[in-house]
Amino acid sequence: MKQIKFYILLFMLHVILSLGYASNKLLFESSLSDSIEQLSVPGKGIFQADPTIFYHDGYYYLYGTNGDGDEQLGFKVYRSPDLKQWQGPVGVKDGFALVKEDVFGTKGFWAPQVWFEGGKFYMAYTADEKIAIAVSDSAIGPFKQKLTKSLIAGGKEIDPYVFRDSDGKKYLFHVRLQEGNRIFVAELKADYSGIKEETLKECLHAEQPWENTAYTTWPVCEGPTVIQQGNHYYMFYSANDFRNKDYAVGVAIAENVYGPWKKIELNPLLSQHTSGYAGTGHGDLFQQGEQWFYVCHTHYSDDQVAPRRTALVPVNFSPQGQGGMIIPRFDGTSFKLLALAHQSASPIEVALGDPFILYDPRSDQYYLYGTGGTENGFVAYSSKDLKQWTSAGKVYDGKQPKGWGTKDFWAPEVYAINNKYYMYYSAHWKENPGNKLENYRIGVTVADDPLGPFVDLTGRPLFDPGYPIIDANVFRDTDNRNYLFYSRCCYEHPVASEIAEWAKSKWGYKDIEESWVYGVELDSSLQQVIGQPVLLVRPPARMNDAQSAWESRSVSAGEINRRWTEGSFLLKANEQYYMMYSANYFAGANYAVGYATAQSPLGNYQKSETNPIIEKDTDKGGIVSGTGHNSIFKDREGKLRCVYHGRTTKTGDKRMVFISTVDFDKDRQLQIQTD
């Protein structure tokens, strides 16, 4: 939340200083807060440039420019019943409503517009810097052409907008690439087979200072949308190169579709100064009831153009001047980025806690291990595709000659080393002269097959640090040095802190116990520790620590008098080390995952401002809670995947296994795609 609050304050300050709207501070805080939260959540945003929204039969349909980065070229479509809950892409061809194989064009599929007429859906679009029109029986496609051809012969044209006048005539507003990007209009033939060339006339070109802030020799005026209000026609258009932060929207008014078009003196009406986002422009107008909206795109960030984000802003029309002239105004305080409706991640049909997955190239199979499924040991599952899993039954039984554990067999992790398979696990140690309630240690077993049987190597725990430990994770670095990471249990480990003092005062607790993550080097046999353990990650001690809010949820809610950092897993990527860990009560809804980074396996670790990266979604309309104790593995193709457990409203207290993809953003921040 620290990062979110920082950007909220930054945008508020920028907009308020630019516009002098200090009195509207609360309005900006409310609207920009919604936008920034959507911006900060990876995978949630909608990235359609040059967007258009079309309403039909209870749904709003959103189309736009995807760019040529996708393997499939064409136009995706998203759908919403209320402009808030967006789903998709929902196009009939893998999310696409139109694909290049069905129509004119080989590249550069830009700026679609969709309308309904005579029982058919029509889409005007740009491809190969030409304009074409395709037809479909459905708003989600497939849009096709009987004859794959463009609308206009000769020249280069982009950004079509088809306008039907009150007398039934249809007109094509579009941009011609000649001495800059210039907006033209021409009457269309009734069957959409072409334009009436004799009616072609220029409407607008860039000539005012705000329309060419870069002083380029190729000025840009593009993206026209035209509506009629009263006796006047209103053209919304964009100026400057789309890569320019000053890309913005102006309005021109005329009494005839052919003009003359007079630009409003207040232009630009929508820009980075009124929206708070760079590169705001090229959109379309539509209505929800009596309210007009303008859907447009913005740059991805202040220093990155693509992928461009889709946004929505209300437009109000109010009479002004002689003759009751209607002047449009954008409500910049309600400018919002569009985002997909939250969808909970789906678990696989395996009920295990603390899951770990090994991909074994020798058998070309995935093997899943975890806590639960049997008494005094561990079961395993196998799969070819990470979707369909087959139970292999019990693969380790603690009741064996060298078995040292008596109960609470937890968190197995299996590693393939020199054609052997080593399982590290936690259990309650039978040597317990102090009669401790939590006498946990870590052990290691070996097998010739991923499905066991696994046999204890030493007859005792790997080592004894003098306190209970769980959640083993073994890491071999690129220099072949080996490390063991584990969690010191909360048991008999009270820790003084500002948060502890607050919790004792608030809930009457005697102490607040904590678990901490440690690391220690292992020798080449992976059975002996080298040196002393090093403390790596612990719960924050101060109330104003940016991590305190999410890591202390169980304590702040009065759920329990313990705070955890456990279930650690080390990943090396992007020339640094990512230490993932879980916090909060493992049996509660607030269990969640964060991470910290360092330049060496044993620290110094700094927690990420994006934490938590896996958490419950029940407070966002989802069904998943208690998410945590993850591990990372590489799939058959070498792609990183994250496996963790969670509970759902359907499965109740059972811990179910979830598998998600792993990504890194441009700042090397670790991201888990949980929906």
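Above this text is the structure in question.
Novice: Tell me about the layout of surface pockets, and please be specific about residues and values.
Specialist: Taken as a whole, the second largest pocket holds about 810 Å³ of empty space. Lining the second largest pocket are 26 residues, and of these Tyr-415, Phe-475, Arg-476, Phe-569 and Ile-632 sit closest to its centre. Of the residues in the lining of the second largest pocket, the class split is 19 nonpolar, three polar and four charged.

Novice: Can you lay out the pairing of strand 30 (residues 482–488) for me, pointing to particular residues and giving the numbers?
Specialist: Burial of strand 30 is extensive: seven of the seven residues sit out of reach of the surface. Side chains Asn-482, Leu-484, Tyr-486 and Arg-488 project from strand 30 onto one buried face, and the interleaved Tyr-483, Phe-485 and Ser-487 project onto a second face that is buried too. Where strand 29 (residues 469–476) meets strand 30, six bridges bridge the pair, whose relative direction is antiparallel. Its bridge partner being in strand 30, Ile-469 is matched across the sheet by Arg-488. Count of turn residues in the strand 29/strand 30 antiparallel hairpin: five residues, of which Asn-480 carries a positive phi of about 70°.

Novice: Residue-level account of the packing of aromatic side chains, with values.
Specialist: Using the criterion set out here, one finds 49 aromatic pairs in the structure. Taking the centre distance of 6.0 Å and the plane angle of 85° together, the rings of Phe-236 and Phe-330 count as edge-to-face. A residue pair is termed long-range when its members are at least 10 positions apart, and Phe-236 in strand 13 (residues 232–239) and Phe-330 in strand 19 (residues 325–330) qualify at 94 residues. Among the residues examined, Phe-330 registers a relative accessible area of 12% and is labelled buried. With a centroid separation of 5.4 Å and an interplanar angle of 80°, the aromatic rings of Tyr-294 and Phe-330 are classed as edge-to-face. Of this pair, Tyr-294 sits in strand 17 (residues 291–298) while Phe-330 sits in strand 19, and the two are 36 residues apart along the sequence.

Novice: Any details on a nonpolar patch on the surface? Residues and values, ideally.
Specialist: Taken together, the side chains of Trp-502, Trp-507 and Met-543 present a nonpolar region at the surface, about 290 Å² in accessible area. Structurally, Trp-507 is set in helix 4 (residues 498–507).

Novice: Lay out the nonpolar core in plain terms, naming residues and giving numbers.
Specialist: Ranked by internal contacts, the top residues of the largest apolar core, which has 59 residues, are Tyr-369, Tyr-424, Phe-454, Leu-484 and Tyr-486. The element best represented in this core is strand 26 (residues 420–428), accounting for six residues.

Novice: Please give an account of helix 4 that cites residues and values.
Specialist: All of the buried residues in helix 4 are Ile-499, Ala-500 and Ala-503. Down the axis of helix 4, the sector holding all buried residues measures 100°, keeping them to one side. If you follow the buried residues of helix 4, they end up packed against helix 5 (548–551), helix 6 (553–556) and strand 34 (562–563). With its phi angle positive at about 80°, Gly-508 sits one or two positions after the end of helix 4.

Novice: Tell me about the side chain of Asn-244, residues and numbers included.
Specialist: Along the chain, the position of Asn-244 falls in the loop between strand 13 and strand 14 (248–254). Under the relative-accessibility criterion, Asn-244 is labelled buried at 18%. Within polar-contact distance, the side chain of Asn-244 engages the backbone nitrogen of Asp-246 at 2.8 Å. With near-sequence residues (within four places) excluded, Asn-244 lies in contact with Thr-213, Ala-214, Gly-279 and His-299.

Novice: Describe the sheet that holds strand 42 (residues 670–673), listing the residues and the values that go with them.
Specialist: Sheet architecture is open: four strands sit in the order 39-40-41-42, paired in antiparallel fashion. In the strand order of this sheet, the two ends are held by strand 39 (624–634) and strand 42, each with one partner. Strand-to-strand, the axes of this sheet are offset by a mean angle of 35°, without reference to chain direction. Where strand 39 meets strand 40 (residues 640–648), seven bridges bridge the pair, whose relative direction is antiparallel. Bridge assignment links Ser-625 to a residue of strand 40, and that residue is Arg-647.

Novice: Quick rundown of the sheet that holds strand 7 (residues 130–136)? Include the residues and the values.
Specialist: Two modes of strand pairing occur in sheets, parallel and antiparallel, and in both the strands are linked by backbone hydrogen bonds. One open sheet holds the three strands; their spatial order is 5-6-7, and the pairing between them is antiparallel. Of all the strands in the sheet, the pair left with one neighbour each is strand 5 (110–117) and strand 7. Across the sheet, the mean angle separating the axes of adjacent strands is 20° when strand polarity is ignored. Bridge analysis of strand 6 (residues 120–127) against strand 7 gives seven bridges, and the strand direction is antiparallel. Bridge assignment links Met-123 to a residue of strand 7, and that residue is Ala-134.

Novice: Give me the lowdown on the pattern of salt bridges, citing residues and values where you can.
Specialist: Two side chains carrying opposite charge are able to pair once their charged atoms lie near each other. Enumeration over the complete set of coordinates arrives at 32 salt bridges. With a closest N to O distance of 2.8 Å, Asp-241 and Arg-243 form a salt bridge. The exposure class assigned to Arg-243 is exposed, which follows from its relative accessible area of 52%. Across the pair Lys-572 and Asp-477 runs a salt bridge, and its minimum N-O distance is 3.1 Å. Of the two residues, Lys-572 sits in strand 35 (residues 566–573) while Asp-477 sits in the loop between strand 29 and strand 30, which places them 95 residues apart along the sequence. With a relative accessible area of 34%, Lys-572 lands in the partly exposed category.

Conventions used here
- Residues numbered from 1 in each chain as written.
- Predicted model: local features only at pLDDT ≥ 70, side-chain atom pairs only at ≥ 80, totals over all residues.
- Heavy atoms only, no water.
- 1 Å grid on protein atoms, 1.4 Å probe; cavity = no way out; pocket = protein on both sides within 12 Å on 5 of 7 lines; lining within 4 Å.
- Points joined across faces, edges and corners; volume = space filled by probe spheres on them.
- Nonpolar A, V, L, I, M, F, W, Y, C, P; charged D, E, K, R; others polar.
- Buried < 20%, exposed > 50% of the residue type's maximum accessible area, 1.4 Å probe, protein only.
- Helix = DSSP H or I, 4+ residues; strand = E, 2+ residues; numbered from the N terminus.
- Pairing = 2+ DSSP bridges.
- Phe/Tyr/Trp six-rings, centres within 6.5 Å; stacked < 30°, edge-to-face > 60°.
- Patch = residues over 30% accessible without salt bridge, like charges linked within 9 Å, V, L, I, M, F, W, Y side chains within 5 Å.
- Areas by Shrake-Rupley, 256 points an atom, 1.4 Å probe, with all protein chains shown as cover.
- Salt bridge = Lys/Arg side-chain N within 4 Å of Asp/Glu carboxyl O.
- Core = buried A, V, L, I, M, F, W, Y, C linked by side-chain atoms within 4.5 Å.
- Arc of directions from axis to C-beta.
- Contact = heavy atoms within 4.5 Å.
- Polar contact = N/O pair within 3.5 Å; in protein donor to acceptor, adjacent residues only side chain to side chain.
- Axes fitted to C-alpha atoms, helices over the stretch in contact; angles between N-to-C directions.

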